[in-house]
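# Coordinate inspection notes
Chain residues, written in single-letter form:
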Amino acid sequence: MKLSALAVLTPLIILSGCAAQKATSGQTTTPSTAATQPAAAAPAAPSGKTSLAEQGRDPAEFPAYVEQLKAQALSQGISQQTIDSTFANIHFVDRVINSDRNQLEKKITLDDYLTRVLPEWKIKQGQEQLQNNLPALTKASDRYGVQPQYIVALWAMESSFGKIQGKEDVFSALATLAFEGRREAFFTKEFMSALKIVDSGKATSDMMKGSWAGAMGQSQFMPSSYLTYGADGNGDGKIDIWKNTDDVFASTANYLSKEGWKGDQGWGQEVKLPANFDGNLAGLKNNQMHPARYWQQLGVTQADGSPLTSTATRAWIITPDDTQGRAFLVYDNFRTIMHWNRSTYFALSIGMMADGVAGAQTPVVSGEAAPAQNAPASSAPLAPAPRNPFSG
């Protein structure tokens, strides 16, 4: 998520999220959350008391800024009752600023990333969750044309199957990030979207809890993504992405469907490039797309060296760590996953997780000792930071 936030949330939606959608840019297609390739590092957080004086704002000015947000909300037609309930507890949150600034500064390799986010125990839990929730997943799949394993994969990566949703007051987090100033327009828009959620009766102000970046619920949707993609999965007239997995699955599938998901296709596969492969051919730009047979004619094979069998008419070669690293043949659905979070690392982890959940194959990652099956879930590490990979 579901995040869109993805490009605007640049460093943010690296969370693993972010349905958002969950992180990203000025697309209206973001659920949460989170991020993508090597990024310019965010300024280091100052030690001790947070001060925004360098940006011309100091926390002491925050109450006056909140009054400006209140006036803006009234001008946009938000009811006084909603304003009273949502603004009552808004406060400046130091840790939100620190989290925003302490983003990953150095590039990690794909293998490092996959080792951390795709341990064996998570794949096994994903398989169990698929079976335990099969009726609801099948319903969402049939309704939106998205295979169940991809819904489970995003659920796993965004909130560890609902266990890690964040406990920040969304209004305080978004107001703090808007006040901080670097992405003021984006976070102000998300703040107003959060108010609209409460004002429309879709959620109470008490329900509006999420990550430090404002991503909410088990799908880690940003508020604007909730309004755009949130779906009622069980017909009760509500969209509860915090506690109701029927709504979580439906909302996730609705996001992918609206962003162009093709239910008769997968995401892609790992491949082996010939020694003389021209690195300029690799990438996700529109003009770098070719039929799979084109890549086969250039000498691209399956990862084990056997002939490429894909019959896809639209396929791209990507090399996340440049041509000396691993290579993948990816399809339109891979690019759709990157609407959720514009990180190639994140999108690959979703594809591999989905394969593992479906039992199609065991994801190839650098092995790590798997924690006990009942080990506490940990949030996914930051992926490298985002950029628009589709232009051109």
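Residue numbers restart at each chain and count upward from 1, following the sequence in its written direction. Local features in this predicted model are restricted to residues of pLDDT 70 or higher, and side-chain atom pairs are both shown and tallied only at a pLDDT of 80 or more, whereas totals for entire chains, interfaces and linings draw on every residue. Here the side-chain values reflect all heavy atoms present in the structure, with hydrogen atoms and water set aside.

Within a sheet, each strand pairs with its neighbour through backbone hydrogen bonds, oriented either parallel or antiparallel. Read across the open sheet, the four strands follow the order E4-E3-E6-E5; overall the sheet is antiparallel. On the outer flanks of this sheet lie strand E4 (301-302) and strand E5 (316-318), each paired with one strand and no other. Two strands are counted as paired when DSSP detects at least two bridges linking them. Numbering of helices and strands starts at the N terminus; helices are DSSP runs of H or I of at least 4 residues and strands are runs of E of at least 2.

A few words on the confidence of the model for the protein chain. For the protein chain, per-residue confidence averages 82 on the pLDDT scale, and residues scoring 70 or more make up 76% of the total. With pLDDT under 50 throughout, residues 32-51 is counted as low confidence; its partners more than four residues away or in other chains account for 106 contacts. A score from 0 to 100, pLDDT tells how confident the predictor is in each residue. In this description, contact between two residues means that some pair of their heavy atoms is separated by no more than 4.5 Å.

We define a salt bridge as a side-chain nitrogen of Lys or Arg found within 4 Å of a carboxyl oxygen belonging to Asp or Glu. Evaluation of the coordinates by the stated rule reveals seven salt bridges. The partner of Asp332 in a salt bridge is Lys262, with the nearest N and O atoms 3.0 Å apart. Of the two residues, Asp332 sits in helix H13 (residues 332-340) while Lys262 sits in the loop between helix H11 (245-258) and strand E3 (268-272), which places them 70 residues apart along the sequence. Whether a residue is buried, partly exposed or exposed follows from its accessible area with a 1.4 Å probe, protein chains only, as a fraction of its type maximum: under 20%, in between, or over 50%, in that order. In this structure Lys262 comes out as partly exposed when scored by relative accessible area, which is 29%. Beyond isolated ion pairs, a larger network of salt bridges with shared partners links Asp111, Glu270 and Arg326.

With that settled, consider the pairing of E3. Two faces belong to every sheet, and in a regular strand the side chains alternate between them. Bridge count for E3 against strand E6 (residues 327-330) is four bridges, and the pairing is antiparallel. Looking at E6, one finds that Gln269 is bridged to Leu329. For E3 and E4, the ladder comprises two bridges, and the chain directions are antiparallel. Looking at E4, one finds that Val271 is bridged to Gln302.

Structurally, Asn89 can be placed in the loop between helix H2 (80-87) and helix H3 (94-101). Along the primary structure Asn89 and Phe171 are separated by 82 residues, whereas in three dimensions their C-alpha atoms are 8.6 Å apart.

Our next topic: the packing of helix H6 (residues 134-144) against H11. Comment: axis = line fitted to C-alpha atoms, over the contacting stretch for helices; angle = value between 0 and 180 degrees taken between N-to-C directions. Two numbers describe how H6 lies on H11: the axes approach to 9 Å, and their chain directions differ by 25°. One element, H6, and the other, H11, form an angle in the roughly parallel class. At the point where H6 passes H11, the crossing takes the right-handed sense. Taken together, the residues of H11 that come into contact with H6 (itself represented by Ala136, Leu137, Ala140 and Tyr144) are Asp246, Phe249, Ala250, Ala253, Asn254 and Ser257. Note that the term roughly parallel is reserved for angles under 35 degrees, roughly antiparallel for angles over 145, roughly perpendicular for angles of 65 to 115, and oblique for everything else. Left-handed is the label given to a crossing in which the near helix is rotated counterclockwise from the far helix by less than a right angle, and right-handed is the label when the rotation is clockwise.

Burial of helix H8 (residues 170-180) is extensive: eleven of the eleven residues sit out of reach of the surface. In the segment just after H8, Gly181 is the residue with positive phi, at about 105°.

Let's shift gears to the packing of aromatic side chains. How two aromatic rings sit relative to each other is set out by the distance from centre to centre and by the angle between their planes. Stacked, tilted and edge-to-face pairs are distinguished by plane angle, under 30 degrees for stacked and over 60 for edge-to-face with tilted covering the rest, among Phe, Tyr and Trp rings (Trp via its six-membered ring) whose centres lie within 6.5 Å. Within this structure, the stated rule accounts for 20 aromatic pairs. Ring plane angle 80° and centroid distance 5.0 Å describe the contact between Trp155 and Phe249, whose orientation is recorded as edge-to-face. One end of the pair, Trp155, is in helix H7 (residues 148-159); the other, Phe249, is in helix H11, with 94 residues separating them in the sequence. The exposure class of Phe249 is buried, given its relative accessible area of 0%. For the pair Tyr229 and Tyr255, a centre-to-centre distance of 4.3 Å together with 55° between the ring planes defines the contact as tilted. One end of the pair, Tyr229, is in helix H10 (residues 223-229); the other, Tyr255, is in helix H11, and 26 residues separate them in sequence. One exposure class covers both Tyr229 and Tyr255, and it is buried. Here the aromatic residues Phe62, Tyr65, Phe92 and Phe179 are joined through ring pairs into a cluster of three or more.

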